[in-house]
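Observations on chain architecture
Listed here are the chains, written in short residue letters.
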Amino acid sequence: MVLEQSQLLSSMVWRSSLLNWYDTNKREFPWRINVSPYQTWICEVMSQQTTLVVVLPRFNEFIKKLPTVHALADVSDETLRSLWAGLGYYARARNLRSGAQYIVAQLGGAFPQTFEEWLKVPGVGPYTASVIVSICYGLPKACVDGNVIRVMARLTGTSSAEVWSESGRFQIQNLADRVIDQSRPGDFNQAMMELGALICRKQTPDCASCPVQSVCRANKLQIVESCPPNKPRKEFIQLQLFALILSSGSESARLCENIFLAERRQGFLSGTLGFPLIPVPDV
Ligand code: SF4
């Protein structure tokens, strides 16, 4: 895959247009009002694979109940589970708590201030680290998520499905790191994400209102619809499982009088509590 980057690198005026657009169109979110590493970290992890409509009320509740990294490090499993209800992928919540415990135990509760130090926090990967250090510490680390891949693919007129591969992502990351606004890296990252969410949408992009239309190659070549192609679908496997229901009471006893065997699951449905699951044997 070859990214046509010249129009993005030759003049950086488009970055000012993007940032001006962001200044007047950005959505108000609680984590944008009180910018802190703690809130940025929580909102970023909550937003992974969960829509903002679901995240917003859960975020406010979470911060109210656990306002500091110390409170998160000490939270019980039960409270954490109830605060995470509805967000899915509970392993993310456990990782957050492990990260908080690391920050409290190893760093005395002080947040790391560099990309490399954030990567040492359990559960924090390069994307999350980039979000936090660019927004909270003004470090020029580009954040590349699905929205940004789509915007960059369109800006460069790349209609290869390779943009979704590891090597494609690497190229996009490289380009994003080169074009990121050095004086406002956090705003630049958020502006790219906001552009992808509000204007350069997957379906029906609003090119007429786009602040960077003048440098968009896909728009110029009129290939926006095919740019980039859909992400290749993941392969699904079918699982057939028996749920093993063992209870202490007799069949005639009322359900609530029985004690049932439950387990904390590993692997499939990891972290959830439920009846033991056994694969259905092949016949
Ligand atoms: Fe996306 Fe259209 Fe803007 Fe290009 S001009 S970046 S396709 S919204």
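You'll find the structure just up there.
Because the structure is predicted, anything quoted here is derived from the model rather than measured. (Residues numbered from 1 in each chain as written. Predicted model: local features only at pLDDT ≥ 70, side-chain atom pairs only at ≥ 80, totals over all residues. Heavy atoms only, no water.)

Quick look at the site of the ligand
The environment of the ligand is formed by Arg154, Leu155, Ile199, Cys200, Cys207, Cys210, Gln213, Cys216, Asn219 and Val224. Its residues assigned to classes, the shell around the ligand comprises seven nonpolar, two polar and one charged. (Near = heavy atom within 4 Å. Nonpolar A, V, L, I, M, F, W, Y, C, P; charged D, E, K, R; others polar.)

Looking at the pattern of salt bridges
In total, this model carries eight salt bridges according to the counting rule given. In this structure, Arg32 engages Glu194 in a salt bridge whose closest nitrogen and oxygen atoms are separated by 3.1 Å. Residue Arg32 is found in helix 3 (residues 30–33), and its partner Glu194 is found in helix 13 (residues 185–198); the two are separated by 162 residues along the sequence. Residue class for Arg32 comes out buried when judged on its relative accessible area of 19%. Between Asp77 and Arg81 there is a salt bridge, and its shortest N-O distance comes to 4.0 Å. You can see Asp77 and its partner Arg81 sitting in helix 7 (residues 77–84), four residues apart, about one turn around the helix. Judged by relative accessible area, which is 26%, Arg81 ranks as partly exposed. Each of Asp77, Arg81, Arg97 and Arg264 takes part in salt bridges that share partners, so that together they form one network. (Salt bridge = Lys/Arg side-chain N within 4 Å of Asp/Glu carboxyl O. Helix = DSSP H or I, 4+ residues; strand = E, 2+ residues; numbered from the N terminus. Buried < 20%, exposed > 50% of the residue type's maximum accessible area, 1.4 Å probe, protein only.)

What to know about helix 10 (residues 126–137)
Look at helix 10: 15 Å from first C-alpha to last across 12 residues, which is about the 16 Å you get at 1.5 Å a residue. Turning to helix 10, its buried residues number three or more, namely Thr128, Ala129, Ser130, Val131, Ile132, Val133, Ser134 and Cys136. Summarising the contacts, the buried residues of helix 10 are in contact with helix 4 (37–47), helix 9 (115–119) and helix 13. Phi for Gly138, located one or two positions after helix 10, is positive at around 65°. (Expected span 1.5 Å × (residues − 1). Contact = heavy atoms within 4.5 Å.)

Here's the deal with the packing of aromatic side chains
Here a ring pair, both rings aromatic, is described through the centre-centre distance and the interplanar angle of the planes. All chains considered together, the criterion is met by eight aromatic pairs. For the ring pair Tyr38 and Phe111, a centre distance of 6.4 Å and an interplane angle of 35° mean the geometry is tilted. Here Tyr38 is found in helix 4, whereas its partner Phe111 is found in the loop between helix 8 (91–107) and helix 9, with 73 residues between them in sequence. Take Tyr38: its relative accessible area is 5%, and that puts it in the buried class. Considering the side-chain rings of Phe260 and Phe275, the 6.0 Å spacing of their centres and the 65° angle between planes classify their relative orientation as edge-to-face. Placement of Phe260 in the loop between strand 1 (241–243) and strand 2 (263–264) and of Phe275 in the loop between strand 3 (273–274) and strand 4 (277–279) is noted, with a sequence separation of 15 residues between them. Among the aromatic residues, ring-to-ring pairing joins Tyr38, Trp41, Phe111 and Trp118 into one connected group. The ring of Tyr90 is capped by Arg81, whose NZ or CZ atom sits 4.0 Å from the centre of that ring. (Phe/Tyr/Trp six-rings, centres within 6.5 Å; stacked < 30°, edge-to-face > 60°. Lys NZ or Arg CZ within 6 Å of the ring centre and 35° of its normal.)

As for a nonpolar patch on the surface
Residues Ile237, Leu239, Leu241, Phe268 and Leu269 make up a contiguous nonpolar surface patch of roughly 500 Å² in combined accessible area. Inspection of the secondary structure assignment puts Ile237 in the loop between helix 14 (217–221) and strand 1. (Patch = residues over 30% accessible without salt bridge, like charges linked within 9 Å, V, L, I, M, F, W, Y side chains within 5 Å. Areas by Shrake-Rupley, 256 points an atom, 1.4 Å probe, with all protein chains shown as cover.)

A few points about unusual backbone geometry
Residues Cys227 and Pro228 are joined by a peptide bond in cis, for which omega reads -5°. By secondary structure assignment, the location of Pro228 is in the loop between helix 14 and strand 1. Positive phi outside glycine occurs at Gln49, with the angle close to 60°. Relative to the elements of secondary structure, Gln49 occurs in the loop between helix 4 and helix 5 (52–65).

Topic: the nonpolar core
Soluble globular proteins tend to bury their nonpolar side chains together. Grouped together as the largest cluster of nonpolar side chains are 37 residues, with contacts concentrated most on Trp14, Leu18, Met152, Leu155, Phe188, Leu195 and Val212. At the level of elements, helix 2 (13–25), helix 11 (146–155), helix 12 (166–179) and helix 13 are the ones that each hand at least two residues to this core. Of the residues forming this core, the biggest block, six residues, is contributed by helix 11. In terms of nonpolar packing, the next biggest core, distinct from the first, is built from 35 residues, Ile42, Met46, Phe59 and Val124 among them. (Core = buried A, V, L, I, M, F, W, Y, C linked by side-chain atoms within 4.5 Å.)

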